[in-house]
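As a plain string of letters, each chain reads:
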Amino acid sequence: MTESPDEGGRREPPEPAEAPQPPEELEPAGADVESGADQVQQQSGRRTRWSSGVRAGIPTLALLVLLAIASFVPGIGFAAGGATEAAGRDLEAAIGGLQTGAPVLVDIDGDLGTYPEIRYATRAALADLMLRGANVAVVSFSGEGRAIAVAEIARLRGLGVGPDRVLDLGFRSGGEPALVQLASEGIGPDASGSFADDVRKDGLASFRLALVIGGAEIGPRSWVEQIQPRVPKLPIAAITPSFLLPEVLPYRGSGQLVALVGTLPAGLAYGQQVAARGADFGPGRFAERSPSGAAIVFGMLVAIAVLLASSGGSLAGWARAAWKRGRS
Amino acid sequence: MRRSIAAALTALAGLVVLVDLAIANPALGGLAGWLNRLLVLLAAGAGVAGALMLVVRHVGRLARREDQLGSVAVLIGLGLVLLPGLAPGSTGADGPAVRWVVAALLAPLVAAVLALLFPLLLVAASRGLRLRARETAVMLAAAAAVLILLLPVGGQAGAWLASAAAWVRDVPIAAVFRGLLIGVAATGALTAARILLGSDASHD
């Protein structure tokens, strides 16, 4: 991030009187040695720039190659501890408690950037809902969430789910005010079909569960703040990326969320539970390839090494100086 | 006078929505719903106006020959996302062309931008180490410690790491986060109160 000499030169005001001239015309006599030295300096500068570019590229390329190799290494995964398994069991219990044909509202508002972290758990939850015979209405309040929802609905339709089981409520613009509108006015007149007619009568109170696939814009917090006061009987479960955990964990602790899958290990544990009792075929079958544990662990180790290497020297020097000051 | 009318309208709208939450009254509910619909329309209008302003700004930059590459990229990107959805016969966001643009272009681009977060953090850290070495080093060491706690290690050590990670997440990180949320809420309430009381100069 240091400023290169070229960049510094560009900031100087231009000198219109001087036209670009070859070096020999500018320097009359005895300048051969200097111009030769300049040329060598320019060449070496060019070589340094080129080699610094390569130097910056090699670690990136090496990291990519090693991550690709690591993703094929089997046997390294996230150990399922008590808390992660409990998170998966909470969601399994929330979905397992539904009766056949129970309407479930799924809000898909993940971010395209962080969705890969929760895709496995989301697809497991959708397979779980299909397996339990639930009817699912999908809604989105963010553009990125709508893009994900469209892809997931198309995937479910590809697995043979009919429109009577998955109702597309589309994208509702306006963010949290649109969420309030959904709570107060229900799904509106646009959706058609017997499932839509059933859930139109009593608004959101018709649904037996709301599953929120959260993102930065709309997530479980918006649902707890805006929907729960208006529809208190609607239980809310959530799947979120890790970065939202500090924000939403208190809601799980207070019981405002009936289930929360918020880490990759919890998502993996839940997905494995669904896969273990999934259907042999159809939308209830869950055979999604789980994220590579080896690649993630390798990435974490690289990050730890880089962070420690960059901070260790400074901290050690600081500690040494403090120790010396203490002794003297 | 203008300030008092705007402040009174803002206060009234806010009070109607708040009271509607506390009291079940159909007329009040209808009014609150109407206000909320206005808010949704306002947000949609702001979105459209923002997109139009973006186009106007970048067309203007192209006309003035300033950063032409960036402006062309923005306009082509806008066109690639908008045209397949607005084309005659398209079904909007569900259309195959839109889905293809999202899956083949938008999603990888956003994922790539997110993947740049770590290298960008490293660059920021290297600058931070030059400017404020001690503070940045402490921050980086804390980040490394959190990552170490999250490592999927088996056995007794893994159980200890997991419980330590849960404690760090539930106590210090949650405390900082709650502090931030309370601070943001208090600042928002203060700003709202200043607007409602007419003591905010920027409200004119």
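Q: Just checking my understanding: could you explain the nonpolar core for this structure?
A: Residue and element names in this part refer to chain A. By size, the foremost hydrophobic cluster in this structure holds 41 residues, and its most contacted members are Leu-91, Val-106, Leu-129, Leu-211 and Ile-239. A per-element tally of this core places helix α5 (residues 115–131) first, with ten residues. Val-139, Leu-167, Phe-207 and Val-231 belong to the second largest nonpolar core, which has 32 residues in total.

Q: What's the story with helix α2 (residues 26–63) of chain B in this structure? I'm lost.
A: Residues lying three or four places apart along an α-helix face the same way, a consequence of the helix completing one turn every 3.6 residues. Residue and element names in this part refer to chain B. Under the 1.5 Å per step criterion, the end-to-end length of α2 is 55 Å for 38 residues, consistent within 8% with the ideal 56 Å. One side-chain oxygen at the N-terminal end of α2 lies 2.9 Å from the backbone nitrogen of Ala-27; it belongs to Asn-25. Positioned one or two residues after α2, Arg-65 has a phi angle of 60°, which is positive.

Q: Sorry if this is basic, but what is going on with the layout of surface pockets here?
A: Over the atoms, a rolling probe the size of a water molecule traces out where space has been left empty. Here the second largest pocket is characterised by a volume of approximately 1,100 Å³. Lining the second largest pocket are 31 residues; nearest its centre among them are A:Ser142, A:Gly143, A:Glu144, A:Phe171 and B:Val81. At the level of elements, α6 (143–158) of chain A together with α2, α3 (68–86) and α4 (96–115) of chain B are the ones that each hand at least two residues to the lining of the second largest pocket. For the lining of the second largest pocket, the per-class residue count stands at 19 nonpolar, eight polar and four charged.

Q: Can you help me understand the sheet that holds strand β5 (residues 236–239) of chain A in this one?
A: Strand-to-strand pairing in sheets goes through backbone hydrogen bonds, with the strands running parallel or antiparallel. Residue and element names in this part refer to chain A. Read from one edge to the other, the open sheet built from six strands follows the order β3-β2-β1-β4-β5-β6, with strand pairing classed as parallel. Strand pairing shows two members of the sheet lacking a second neighbour, β3 (166–171) and β6 (259–261), which therefore form its edges. Adjacent strand axes in the sheet meet at a mean angle of 15° when their direction is disregarded. Across five bridges, strand β2 (residues 135–140) lies against β3 in parallel orientation. In the sheet register, Val-138 faces β3, and the bridge partner there is Asp-168. Relative to the sheet, α6 contacts β1 (103–108), β2 and β3, its axis offset from that of β3 by approximately 160°.

Q: What is the right way to read the packing of α3(B) against α4(B) from this model?
A: In a packed pair of helices, the relevant descriptors are the angle between the two axes and the axis-to-axis distance. Residue and element names in this part refer to chain B. Where α3 contacts α4, the two axes come as close as 8 Å, and the packing angle between them is 155°. With respect to their mutual orientation, α3 and α4 come out roughly antiparallel. Here Leu-80, Val-81, Pro-84 and Gly-85 of α3 come into contact with α4, specifically with Ala-97, Val-98, Val-101 and Leu-105. In terms of residue class, the contact of α3 with α4 is made up of seven nonpolar, one polar and no charged.

Q: Whenever I open this one, the pattern of salt bridges confuses me. Can you help?
A: Here the idea is simple: oppositely charged side chains can pair when their charged atoms come close. This structure, assessed with the given rule, holds 14 salt bridges over all chains. As a salt-bridge pair, B:Arg169 and B:Asp170 come within 3.4 Å of each other at their nearest N and O atoms. Each of A:Glu92, A:Asp128, A:Arg132 and A:Arg277 takes part in a single network of salt bridges with overlapping partners.

Q: Hey, could you run me through the interface of chain A and chain B in this one?
A: Accessible area lost during the coming together of the parts is what is often quoted as the interface size. Each partner contributes residues to the interface: chain A has 42 residues there, and chain B has 42 residues. The interface formed by chain A and chain B holds one salt bridge in total. One salt bridge connects A:Glu185 with B:Arg37, and the closest N-O pair in it is separated by 2.5 Å. Remark: the boundary between chain A and chain B carries two residue pairs in polar contact (both at pLDDT 80 or more). Secondary structure elements with two or more residues in the side of chain A that touches chain B: α6, α7 (176–185), α10 (245–253) and α12 (293–327) of chain A. Looking at the side of chain A that touches chain B, the element that brings in the most residues is α12(A), giving 13 residues. Counted by class, the side of chain A that touches chain B contains 25 nonpolar, eleven polar and six charged residues.

Q: Explanation requested: the side chain of A:Arg123 in the structure shown.
A: Locating A:Arg123 in the fold gives a position in helix α5. Not counting residues within four places of it along the chain, the set of residues in contact with A:Arg123 comprises A:Glu152, A:Arg155, A:Phe286 and A:Glu288.

Definitions and limits used
- Along every chain, residues carry numbers that run from 1 in the direction the sequence is written.
- Lettering of chains starts at A and numbering of ligands starts at 1, both following the order in which they are written.
- Local features are withheld for residues below a pLDDT of 70 in this predicted model, meaning they are given only at 70 or higher, and side-chain atom pairs are given and counted only at 80 or more; totals for whole chains, interfaces and linings count all residues.
- Side-chain metrics rest on all non-hydrogen atoms present in the structure, leaving aside hydrogens and water.
- Residues enter a nonpolar core if they are buried and are Ala, Val, Leu, Ile, Met, Phe, Trp, Tyr or Cys, with the set joined through side-chain atoms within 4.5 Å.
- The cut-offs for exposure are 20% and 50% of the maximum accessible area for each residue type, with area from a 1.4 Å probe on protein chains only; residues under the lower value are buried, those over the upper are exposed, and the others partly exposed.
- Numbering of helices and strands runs from the N terminus, with a helix taken as a DSSP run of H or I at least four residues long and a strand as a DSSP run of E at least two residues long.
- In this analysis, the expected span of each helix is defined as 1.5 Å times one less than the number of residues it contains.
- Under this definition, polar contacts are N or O atom pairs within 3.5 Å; protein pairs additionally need one hydrogen-donor-capable and one acceptor-capable atom, and for neighbouring residues in sequence, both atoms have to be side-chain atoms.
- Only protein atoms enter the 1 Å grid used here, on which a cavity is any set of points holding a 1.4 Å probe that cannot leave and a pocket is any open set flanked by protein within 12 Å on both sides along at least five of seven lines; residues with an atom within 4 Å of a point are listed as lining.
- Grid points are joined across faces, edges and corners, and a volume is the space filled by probe spheres set on the points.
- Each residue is assigned to one class: nonpolar for Ala, Val, Leu, Ile, Met, Phe, Trp, Tyr, Cys and Pro, charged for Asp, Glu, Lys and Arg, and polar for all the others, Gly among them.
- Strand pairing follows a simple DSSP-based rule, namely that at least 2 bridges must link the two strands.
- For every element, the axis is a line fit to its C-alpha atoms; helices are fit only across the contacting stretch, and the angle between N-to-C directions ranges from 0 to 180 degrees.
- Working rule for contacts: check all heavy atoms of both residues, and any pair within 4.5 Å makes them a contact.
- Roughly parallel means an angle under 35 degrees; roughly antiparallel means over 145; roughly perpendicular covers 65 to 115; every other angle is labelled oblique.
- We define a salt bridge as a side-chain nitrogen of Lys or Arg found within 4 Å of a carboxyl oxygen belonging to Asp or Glu.

So, to be careful, I would describe these as geometric facts and stop short of saying anything about function.
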